[in-house]
Amino acid sequence: MIFQTIKHSIKEIKTSLVSLTTPLPHREGLGVSLLLCLMLSSCGLYNKYERPDAVNTQGLIRDLTSDTDTLVTNSDDNFGNLPWREVFTDPQLQSLIEKALENNTDLRNAALNVKMMQSMLTVSKLAFLPSIGIGPQGTISKVQMDGAQTSKTYQLPISASWSIDLFGNLLSQKRSAQMQLLATKDYQVVVQTNIICGVANLYYTLMMLDEQLAIITDMEGLVKETWDMMKLQMELGRARSTSVQSAEASYYGVQAQKAAIKQQIREMENSMSLLLNEAGHQIARGQFYNQSLPQNFATGVGIQLLSNRADVHAAEMALAQCFYDTQTARSRFYPNITITGTAMFTNSLGTQIVNPGKWILSAVGSLTQPIFQHGQIVAGLKVAKAQQEQALNSFQQAILKAGNEVSNALVAYNTCDEKSQLDEKQVKLYEQYVEDTRQLYTSKGSSYLEVIQAQSSLLNARISKVQDDFSKMQAVVNLYQALGGGSK
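The notes below deal with the structure included here. Owing to the predicted nature of the structure, the values given are computational and were not obtained by experimental measurement. (Residues numbered from 1 in each chain as written. Predicted model: local features only at pLDDT ≥ 70, side-chain atom pairs only at ≥ 80, totals over all residues. Heavy atoms only, no water.)

## Considerations on the packing of aromatic side chains
The condition is simple: Two rings from Phe, Tyr or Trp (for Trp, the six-membered ring) form a pair when their centres are within 6.5 Å of each other. A pair whose planes differ by under 30 degrees is stacked, one over 60 is edge-to-face, and the rest are tilted. With a 1.4 Å probe rolled over the protein chains alone, any residue whose accessible area is under 20% of its type maximum counts as buried; one over 50% counts as exposed, and the rest are partly exposed. Helix numbering and strand numbering both begin at the N terminus, where a helix is a DSSP run of H or I of at least 4 residues and a strand a DSSP run of E of at least 2.
Throughout the structure, instances matching the rule amount to 12 aromatic pairs. Ring centres 5.2 Å apart and planes at 75° place the aromatic pair F323 and Y324 in the edge-to-face group. The class for Y324 is buried, based on a relative accessible area of 5%. Pairing Y430 with Y433 gives two aromatic rings, centres 6.5 Å apart and planes at 45°, and the pair type is tilted. With Y430 and Y433 both in helix α10 (residues 376-442), this residue pair falls three residues apart, about one helical turn. Using a relative accessible area of 24% as the deciding quantity, one classes Y430 as partly exposed. Given a relative accessible area of 32%, Y433 falls into the partly exposed group. Put simply, the rings of Y49, F323 and Y324 pair up and form one aromatic cluster.

Set out below in structure tokens:
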């Protein structure tokens, strides 16, 4: 009964306040609602975010062979849509990625950020509900006179205050919080993608270093054999001491390369352990040339990057958030309408004290129209508009950056594939060259310098072959990341 009375009073106050915000000739009938809706929509207070037409999403990916054409392919088979387990099929690599996704500190913090934004959104939604408070009070008083009685009074007030969101202030704040939550979830996906691709790159780097270490070790034996052969030739009087010294120096040079590679392996293992949120330790891994990665890619047109790339989507959500922040700043030019209702059970009725107590009900409506606030509202709107324009520029830059990364990864893959094939031919030629010069040297058909040069050229060719094959693997990982992979 009490709350029904308050509710009826609040309804009457709300009707009166709304009538104050509309012109007098239109206060009756449907004209009030129609005029109010037209006024608010024309001011953009209730508009929803739409992607600006000024955003350029065309021609983002350059063609691999043409300097003027852009790449447009069927987007249904977009490489970035593949789950990461279908891209990285090595069981040991999958185990490392799963461990990193479970333990990585950055990803855990990103998940906590999402929870915080969800709480902020809940606060924005609850702002539409009335705030209710209760504050019971009791007083005991006595006058210091003979025969005076002790008076006891009590109050049990219950108050409810409700801000009417007639001009979209609360609505735009709620929508802004929704966009911020979406952007935070996008950031979580970005962190996840970076971890997946980071673990994969480190894993392939370790295997590449293992392969180079094996090549260096083989070359170390070959150079040592050449050094021993030259020492024998010097004992037979067929070689000078300088030749032996040169061969010995080459042997130490190969050993120095071997030590450097071992150092790199240890550093990469420590980096991998850090991604796993573990202390540095040895990383179990497979063989470099036993890896199987996709070779045919469909990249999709530019608009697909907007739906796949979490960082691009986050940039757009930041733009949408600024759009609603601008609406919030604009709504501050309009009146703030508040309705307050109070119900109080008390035995103190002015000069009288009655028992039992009585209910006192009241309802108050207030309308506050800002007139002059030292330019703060105007400045706030200008700042919001400038921030919205900055967000638009950042969104456009994020789109162009995504297309640039895809183009670079594609050209890197094709270039490294071509170089690897040429390296293979070069390695075969140098292997034959080393064998031929060694035989010629034993038959005095060549000098020691040719033998050392042939061995050095073979070593460099093998190292280059492994490096190009690794760069090809890395290009696949980078392309997968550039296309927004790793979210599934």
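## Comments concerning the environment of L202
Along the chain, L202 falls in helix α6 (residues 169-235). For the pair L202 and M272, spaced 70 residues apart in sequence, the C-alpha separation works out to 6.5 Å.

## What to know about the pairing of strand β3 (residues 151-164)
The condition is simple: At least two DSSP bridges between two strands are required for those strands to pair.
One ladder, built from four bridges, connects strand β1 (residues 131-134) with β3; its direction is antiparallel. If you follow I132 over to β3, its bridge partner there is A160. In this sheet, β3 lies alongside strand β2 (residues 137-141) in antiparallel orientation, the contact comprising five bridges. By the bridge assignment for β3, S141 is matched with S151.

## Observations regarding the nonpolar core
Put simply, the rule is: Nine residue types can take part in a nonpolar core, namely buried Ala, Val, Leu, Ile, Met, Phe, Trp, Tyr and Cys, and a core is a set of them joined through side-chain atoms within 4.5 Å. In what follows, residue pairs with any heavy atoms lying within 4.5 Å of each other are defined as contacts.
Among the nonpolar cores identified, the biggest contains 63 residues, and F88, L93, V199, Y204 and M272 are the most heavily contacted of them. Contributions of two or more residues to this core are made by α3 (84-87), α4 (91-103), α5 (105-126), α6, α7 (241-275), α10 and α11 (448-482). Ranked by residue count, the leading element in this core is α6, at 21 residues. Apart from the residues lying within four places of it in its own chain, the contact partners of Y204 are F88, L93, F288, Q291, L293, F470, M473 and V477.

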